[in-house]
Amino acid sequence: MSAPLLVWAVLHWAAHGDLVQGGKTWQHCTDLRPLDILSEVVPASGLGHSMRVFQVQGVRGFQLTASQPRALGFPASRLFIHCDRFPEEFSIIVTLRVLNVPTKRNEYLFTLMAEESHSVLVGLRYSPNKLHFLFWSQEHSNGWQTRVTFRNVSLSDSQWHTLILAVSGQSFSLTVDCNVPNDAVVETPFPTSLSVKRANFYLGNRRRRKGLFTGLLRQLVLLPGADATPRICTSMNFKVATLSVPAVLQDLPIKLTSNEVLRYPYEADMKVTLGSRPPCTKHEKAHFWFNASQRGLYLCNGSTWISMLEGKVKQRLDYVEEYQNLVTNSETMGIEVFTIPKVGLFAATANRYTPPGSAIYKWTEGKFVPYQNIPTYQAQSWKYFTIGKKIFLAVANFEQNDRGQEYSVIYKWSRRKEKFITYQRITTHSARDWEAFVIEGEAFLAVVNHREGNNHNIDSVIYRWNPRTGLFETNQTIPTSGAYDWEFFTIGPYSFLAVANTFNGTSTKIYSHIYIWLSGSFQLFQSILTFGAADWEVFHIRDRVFLAVANSHSYDSGTPVPSNFYAINSSIYELNITAQMFVKFQDLLTYSALDWEFFLVGDDYFLVVANSFDGFTFSVNSIIYRWQGYEGFVAVHHLPTVGCRDWEAFNTTEGSYLLYSSAKEPLSKVLKLKTT
C-alpha cells in the first residue's frame, strides 16, 4: 500500500475501530476471501457463444462478444453471501491485454448495476491512456456518480498487464505491473454502506453492447478489506501475476490423457512491431518485427529474432580474437554473466579455493574489473534470478566450511549498499548447480546434489518460494546419480527439467532424465543414455527444439578399459513432435566435454563446446560449431583453452563476446567475436 493510502487507512481505523456496520463486520460480510468475478461468469456447462479462449504470448484469456451482454452477468448475491453491502475497503485485481482503443471510446472492464436502474453502482472502464473507477454515493454526492481518473495509464501495447486498484475511503491507489503506485485522494469517499441488493455484475460491459471490452481478460478479482499489492507483487512475471484465475485459463489443461503434452488446441494471434529492435522473450513468441532501416522481417522464437526476409545488412562471424585476460582468485569452475537493471553488466566466477573465495566483476569501460569478493567453499557455479523486484544470486558450494558445515547460499542484491548480501543458507551435498524457473506464476529453485560422502545416488531438491515467509522451502526431491546440471525449458504451455547424471558409483554409462511438470510436480518424461553427462543445453532453431548433452568420459568398472576415457561423442537431440520424445540428431567428437553454449551472430546459429582434457593434456582446443542446415553443426573455429570448464556468451553496445573459465589455472579469457 502506498504511503498516503496507508496513513489514511491507519487514521480511519483509529476513528472507526473494527469497521462495524449495522452490527456486522466486513469479515462477516465477505470472509475477506478473494472473490473471483471472472470465474462466476464461466458457465458450468462450458463456454458459450459469449466467451472464447485465446492464447497470446503463452498466456490464456477470454475474449468477449457483444451479441448478448446480459449473458455476461450474474447476481451480486452469489459473491456477497452473508450480507448485501459492498465492502468499504477493497482491492480490484485485473490481468488483461488491451487492443488499440479509439481516441473517443470507453471500454468497460466490469460494472455492478441495480436491476431497475441504468446507473453504474461500481465500475471500471478504460479509455486511451486513462483508467476510470466509477461508483455511486447517495450519501455524499447527492445521487451523482463519482469518477476517479488515473491518467497516463498506457495499456494499449498488446502486452499483458496486471492492475491493482486499492480503495479506502477517499484514497485510491492504482498499481500497474507492480511499478510505483499512482495515488489519488478525492473529495467524495467510497460509500460505507453501498447496497448490492437486487444488483448484478456484468463482465466487460454496462448491460449493453456499446462500450464492450474488446481485449482479453485473464483475471478479475475483488479482494475485500486489503491492499492486494503485497500478495500479487511476489512473482517473477508480475505482468501476469495471479490471485485467482478460472480453471480453463490456467497454464496446464485440467486433465491430461496418456502423454499428450505437445498439442496446442488454443488459438493465437499475429502482431507486427515497427521501430527499433524490441525485446524477444517467451511473451513475444510468434510476434513479428519489421526492421525498416534494413528492410528485414523477423520472427520471435521465444528468445531471439529469426530472420524471415533478409534485410540489406547481414552480420556474419569472421573470426575470434583474444580481448581480455581475466585474472581470477583461483581456478574457476563456473561463470555467470548477468545484468542488473540501471546498474550494469556483471560476471560472477565460482572459484575453487577459500580464501580468497569467489568474485564478482563489473563491466567498466569495456573490461571486467573486480567488484565484490564473496566467501565460498570450492564453489561450482552461480545462478542469477529475480522474484518481482528482488534480485538474487545463488552459489553452489561443493565442500564444507571451516566449521564442518555444508551448505550453499542465496545472496540478495542490496540497492542501498549496491552489493550482494547473505539472504538464505540451504543444506546441500557437494552441490554442483542451481537452476531457477517459474511455473504457473510460482518461483522455484532446484539444486543438484552430486554426492554425500562416497554415495553418489542421492536426492537432488527442488525448492518453492514462499511469498509469505520470503524463503525457499522444499517442494520435491528427485533421485539423481552424481548429478552435475539441471536445465529448465518450456515447450508451449509445458515445463520440463532435465538432469545430467554423471556417475552412479560404478559407471558413467547411465541414464540422464527429462521430467515434465504435471499435476503440481515433476514426473518422468524421457530417459537418455549418457556418458558422464556434465551439461544439458536447450536451444531453438526456427521452430525446431534441440537438446545437447556434454559427455565427459566413459568409464565402467565391469568392462575392459577403453583406449581413451575422454575422447567421446557428445550428442544433440531434436524434439520429434509426432513421437513426443527427443531423438538423436547428431554426434560430435568431444574431449571430456563439460559445457555447451548456444549463441547467435546475425542470422547464424552457433554452439561452442568446453573441451577440458583429451587423456594427455588439459591444453585442448574448444570448438565453435555453426549450424549449416542439412549438414547439422559444422566446426568453424578451434579455440585454444586450458582445462575449459564453462562458456558464457554476452553482448554489449561495443559488440559480442565469449567468456570461458579455466578449472586448471587462475585465468579466464574474454574473446571478442569479429564480424563482417
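Reading guide: rules and limits
Residues numbered from 1 in each chain as written. Predicted model: local features only at pLDDT ≥ 70, side-chain atom pairs only at ≥ 80, totals over all residues. Heavy atoms only, no water. Helix = DSSP H or I, 4+ residues; strand = E, 2+ residues; numbered from the N terminus. Buried < 20%, exposed > 50% of the residue type's maximum accessible area, 1.4 Å probe, protein only. Contact = heavy atoms within 4.5 Å. Areas by Shrake-Rupley, 256 points an atom, 1.4 Å probe, with all protein chains shown as cover. Patch = residues over 30% accessible without salt bridge, like charges linked within 9 Å, V, L, I, M, F, W, Y side chains within 5 Å. Salt bridge = Lys/Arg side-chain N within 4 Å of Asp/Glu carboxyl O. Disulfide = S-S within 2.5 Å. pLDDT = per-residue confidence, 0-100. Phe/Tyr/Trp six-rings, centres within 6.5 Å; stacked < 30°, edge-to-face > 60°. Lys NZ or Arg CZ within 6 Å of the ring centre and 35° of its normal. Pairing = 2+ DSSP bridges. Axes fitted to C-alpha atoms, helices over the stretch in contact; angles between N-to-C directions.

Caption draft 1: Representation of the overall build of the protein within the structure. From N to C terminus, the protein includes 4 helices and 48 strands. Burial analysis of the protein (676 residues in total) assigns 55% to the buried set. For the protein, long-range pairs separated by at least 24 residues make up 53% of all intrachain contacts whose partners lie at least 6 apart in sequence. Total accessible area on the protein stands at roughly 29,200 Å², and carbon and sulfur atoms take up 50% of it.

Caption draft 2: Up close: a nonpolar patch on the surface. Together, Val272, Leu274 and Phe290 give the surface a local cluster of nonpolar side chains, amounting to about 280 Å² of exposed area. Structurally, the position occupied by Leu274 is in strand S17 (residues 272-274). Here Leu274 falls in the exposed class, since its relative accessible area comes to 62%.

Caption draft 3: Just the state of the cysteines, in detail. Under the criterion given, the structure shown has 1 disulfide. A disulfide bridge connects Cys280 with Cys300, and the sulfur atoms are separated by 2.1 Å. For the disulfide bridge between Cys280 and Cys300, the dihedral angle about the S-S bond is near 90°, and by the sign convention the bridge is right-handed. Taken together, the residues Cys280 in the loop between S17 and strand S18 (288-291) and Cys300 in strand S19 (residues 296-300) connect sequence positions 20 residues apart. Since its relative accessible area comes to 12%, Cys280 is described here as buried.

Caption draft 4: Summary view of the side chain of Thr229. Note that Thr229 resides in helix H4 (residues 229-232). Since its relative accessible area comes to 16%, Thr229 is described here as buried. Aside from chain neighbours lying at most four places away, what touches Thr229 is Ile164 and Thr175.

Caption draft 5: The arrangement of the pattern of salt bridges in detail. Scanning the model with the defined rule gives 10 salt bridges in all. Lys383 is paired through a salt bridge with Glu435; the nearest N and O atoms lie 3.5 Å apart. Of this pair, Lys383 sits in strand S26 (residues 379-387) while Glu435 sits in strand S30 (residues 431-439), placing them 52 residues apart in sequence. Judged by its relative accessible area of 8%, Glu435 is buried.

Caption draft 6: Broad picture of the confidence of the model for the protein. Averaged over the protein, the pLDDT score is 87; the fraction of residues at 70 or greater is 87%. Here residues 1-28 scores under 50 on pLDDT; set against residues more than four positions off or in separate chains, the count is 47 contacts. Confidence drops under a pLDDT of 50 for residues 252-269, and excluding neighbours within four residues, the segment shows 43 contacts in the predicted structure.

Caption draft 7: A look at the packing of aromatic side chains. Per the counting criterion, the structure on display carries 62 aromatic pairs. Look at Tyr423 and Trp465: their rings are 6.4 Å apart centre to centre, the planes differ by 25°, and that puts the pair in the stacked class. Of the two residues, Tyr423 sits in strand S29 (residues 419-427) while Trp465 sits in strand S32 (residues 457-466), which places them 42 residues apart along the sequence. Residue Tyr423 is classed as partly exposed on the basis of its relative accessible area of 28%. Here a set of aromatic residues connected by ring pairs shows up, and it is made of Phe74, Phe80, Phe86, Phe90, Phe110, Phe133, Phe135, Phe172, Phe190 and Phe201. The ring of Tyr323 has Lys367 sitting right over it, with the charged end atom 4.2 Å from the ring centre. Lying across the ring of Tyr371, Lys419 places its NZ or CZ 4.5 Å from the centre.

Caption draft 8: Region of the structure containing the environment of Val221. Inspection of the secondary structure assignment puts Val221 in strand S16 (residues 216-224). Each C-alpha atom, one on Val221 and one on Leu35, is 5.5 Å from the other, the two residues being 186 residues apart in sequence. When sequence neighbours within four positions are dropped, the list of residues in contact with Val221 reads Pro34, Leu35, Asp36, Ser91, Ile92, Ile93, Leu243 and Ser244.

Caption draft 9: Fine view of the sheet that holds strand S7 (residues 107-114). Taken together, 6 strands build an open sheet; the order of strands is S4-S15-S7-S8-S9-S10 and the sheet is antiparallel. The outermost strands of the open sheet, each flanked by one partner alone, are strand S4 (73-75) and strand S10 (145-151). On average, adjacent strands in this sheet sit at an angle of 15° to one another, irrespective of strand direction. Pairing of S7 with strand S15 (residues 199-203), which is carried by 5 bridges, proceeds in the antiparallel orientation. Paired with Ala114 across the two strands is Ala199, which belongs to S15.

Caption draft 10: Region of interest: the pairing of strand S28 (residues 407-414). With 7 of 8 residues buried, S28 is to be regarded as a mostly interior element. Across 4 bridges, the pairing between strand S27 (residues 390-397) and S28 is antiparallel. Directly across from Leu393, in S28, lies its bridge partner Tyr411. Across 8 bridges, S28 lies against S29 in antiparallel orientation. When the bridges of S29 are listed, Ser408 appears paired with Ile426.

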